[in-house]
Amino acid sequence: MKFVTLLLLPFAAALASTAPFKGCKQKVKESIHGPPHGWYEHAPAPKHHMLELKIALPQPNFPELEQHLWEVSDPSHERYGSYLSKLETEALMAPHPETLDIVSEWLALHGLTEEDVIRSSARDWVTIRVPVGLAEEMLDTTYHVYKHAETGDSIVRTTSYSLPDILHHHVDLIQPTTMFARFKGFKNPLHRDKPAQTTLSYKPGQTIQGPAGNPVEARCNSTITLSCLKQLYNSANYTTTATNCNKMAVTGYLEQYANNMDLQQFFKRQNPSAYGSNYTLVSINGGKNNQSYEAAGVEANLDTQFGFGLVWPTPGTFYTTGGEPPFISSLATPNNTNEPYTDWLEYVLSQDDIPQTISTSYGDEEQSVPYTYATRVCANMATLGARGVSLLFSSGDGGVGVGNDDPNAHKKCQSNDGHNVTKFLPSFPASCPYVTAVGGTVNIPETAASLSGGGFSNYFARPAYQESAVSSYLAKLAPGTYEGLYNCTGRAYPDVAAQAESFAVTYANQTIPVSGTSCASPSFAAFVSMLNDARINAQKAPLGFLNPLLYSTGFTALNDITKGSNPGCGTPGFNATVGWDPVTGYGTMNFEKLKDLVLAMP
């Protein structure tokens, strides 16, 4: 009863007085010059269409939380591995009490009671479900249905919204309003209508030398399997544990469903010992996992098959988050097109027990995401790092922006601020400095995959942990290289890499080849999970946020990739070279070598 009473206090105050808003002027909170490239205004949004508005409240103590993250993630710091608890991070994420009060007063002014509000566990996100008509009144704006010229997708958005000026310091952002991002999986199913070719140009039993000096089956140069990855990355002799509380997770969005029949067939073909095992399914915001072959998703199948196949018998978790991709529908029945990350982050941060390693293979151009949204989502990812979670993201499949396989690549690499300036297009969330971005390689010996997303953020400054490595790379570039096309002081990515082409994925009971950094992220994450397995067995903390380790000493246990580039935007892109580079980061995994290194750490 006490909890309920306290919960209602802000609304009790709101009902008592709305004085702060008397005579208060509306002031623009966020605006964009117009819909981004490819989108056009189609029609006014129906007034009855329901919007799920997410309101982000400021986190005044985030600098302190960030300092905790740096300390617990730095192997040379005395606090390394001393991760924060759920309650400790929530206290550092919480808004100021005055913010809670005034935002509640504003909601009450528009007829919304506590029963109409959903609050995150740290109370830093407020979610309300309102019709377009009321949203337009609250935000002093007009919503429209926008269509994408190339795909026909439709979304309900606006190009500007306002708030009472007294609220500006109490609200970081409200979405969906000005965000036109189309988060997508970074994978390319090749020849989906044909089974993968099984005839190889290699003799049975023929081997080639892997980067660790060990033999690798020559067939791995044309098709990547679980066995290939274990050989290539030197983990063939390691067996994980099922009973030490270590877990790995992959995320699913945009109605991407992991087919369990395909998973079992994959196990039968590539890891017979895992046949009959399964993952834990966690549904967020009504997420489903339709098991018909018609509903199976190549992305979800790829992530679960290779992620969980590599780490078995370590328990796996598949997060399926509700919310649809941009939709094709009639004007009268537009659907909810909220992006998925905030729903997933809210849920995971509310849990006491979180998998130690999580891979995500979805993203979009950084500029398609409002700066306020990107920084806020990135901050929540830092919170997961402070709790000891390793977050890995695919770096993208367009090289430095839009891959040169698109004949209009040079035309599409433009700023969406109305000036149409030619520029490289970094990817988000890979550009967030609190996650580990995974680029792509191909062949044995490994070279950079030309699709490997990489570059420099226009939103996030370069973090201290990578300053030396990135400065060294930039110093090697010829003066004036790509001047004006990228932000030379931005967070640089990827951080690491893994194989990213010709993965043998089971889809609709056939084996199909799949390529993209969607292959690389769950693969590298699986080896991170194995490292966590080894540390937990040695009574040590999991690795948590990886980048401070990788950039200080971890890179010495990686396979440096020195050949290849990531062309895009009509340019040859950046080149791979000795040391860190914005194509493959510091390189690929040498599991046994890195295992020895992390077991020697506190």
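Below you will find a few notes about this structure.

What counts, and at which threshold
Residues numbered from 1 in each chain as written. Predicted model: local features only at pLDDT ≥ 70, side-chain atom pairs only at ≥ 80, totals over all residues. Heavy atoms only, no water. Core = buried A, V, L, I, M, F, W, Y, C linked by side-chain atoms within 4.5 Å. Buried < 20%, exposed > 50% of the residue type's maximum accessible area, 1.4 Å probe, protein only. Helix = DSSP H or I, 4+ residues; strand = E, 2+ residues; numbered from the N terminus. Contact = heavy atoms within 4.5 Å. Disulfide = S-S within 2.5 Å. Axes fitted to C-alpha atoms, helices over the stretch in contact; angles between N-to-C directions. Parallel < 35°, antiparallel > 145°, perpendicular 65-115°, else oblique. Left-handed = near helix turned anticlockwise from the far one by under 90°. Nonpolar A, V, L, I, M, F, W, Y, C, P; charged D, E, K, R; others polar. Salt bridge = Lys/Arg side-chain N within 4 Å of Asp/Glu carboxyl O. Pairing = 2+ DSSP bridges.

For the rest of this paragraph, the subject is the nonpolar core. Counting 162 residues, the largest nonpolar core has Trp106, Leu107, Ile128, Trp344 and Phe574 as its most contacted members. Counting residues per element, this core draws most heavily on helix α13 (residues 517–537), at 10 residues. Not counting residues up to four positions away in its chain, the partners in contact with Trp106 are Phe21, Ile55, Met138, Leu139, Leu163, Pro164, Leu167 and Ile174.

Okay, the environment of Leu65 next. Checked against the element boundaries, Leu65 lands in helix α2 (residues 62–73). Since its relative accessible area comes to 1%, Leu65 is described here as buried. Each C-alpha atom, one on Leu65 and one on Thr383, is 7.2 Å from the other, the two residues being 318 residues apart in sequence. For Leu65, the contacting residues outside a window of four places in its chain are Thr89, Leu92, Met93, Ala382, Thr383 and Ala386.

The next point concerns the state of the cysteines. Evaluated as defined, the whole model comprises 3 disulfides. Put simply, Cys220 and Cys228 are joined by a disulfide, and their sulfur atoms are 2.0 Å apart. With the S-S dihedral at roughly -85 degrees, the linkage between Cys220 and Cys228 falls on the left-handed side. Judged on exposure class, the residue Cys220 and its partner Cys228 are both buried. With its sulfur 2.0 Å from that of its partner, Cys378 forms a disulfide with Cys432. Taking the sign of the torsion about the S-S bond as the criterion, the disulfide between Cys378 and Cys432, at about 85 degrees, is right-handed. Taken together, the positions of Cys378 in helix α10 (residues 371–386) and Cys432 in the loop between β20 (427–428) and β21 (436–442) put the pair 54 residues apart, joining distant regions of the chain. According to the relative accessible area criterion, Cys378 is buried, its value standing at 1%. On the basis of relative accessible area, Cys432 is assigned to the buried category, the value being 0%. Taken in N- to C-terminal order, the disulfide-linked cysteines of the chain are connected 1-2, 3-5, 4-6.

Below, the discussion takes up the packing of helix α9 (residues 341–349) against α10. For the pair α9 and α10, the least separation of the axes is 11 Å and the interaxial angle reads 25 degrees. The angle between α9 and α10 places the two elements in the roughly parallel class. Once α9 is placed against α10, the crossing between them reads as left-handed. Of α10, the residues touching α9 (which contributes Tyr341, Thr342, Trp344, Leu345, Val348 and Leu349) are Tyr373, Val377, Asn380, Met381, Thr383 and Leu384. Among the residues forming the contact of α9 with α10, the class breakdown is 9 nonpolar, 3 polar and no charged.

The final tally for this structure, using the stated rule, is 15 salt bridges. Residue Glu592 pairs with Lys595 through a salt bridge whose shortest N-O separation is 3.4 Å. Linking Glu592 with Lys595, this pair stays in helix α15 (residues 591–599), spanning 3 residues, or about one helical turn. We classify Lys595 as buried; its relative accessible area is 13%. One continuous salt-bridge network, built from bridges that share partners, spans Lys54, Asp343 and Glu346.

What follows deals with the pairing of β21. Here β21 lies mainly inside the structure; 7 of its 7 residues are buried. Burial along β21 is two-sided: Thr436, Val438, Gly440 and Val442 facing one way and Ala437, Gly439 and Thr441 facing the other are all buried. In terms of strand pairing, strand β19 (residues 390–394) meets β21 through 3 bridges, oriented parallel. Bridge pairing links Ser394 to Val438 in β21. Inspection of the sheet shows β21 paired to strand β25 (residues 496–499) by 4 bridges, in the parallel sense.

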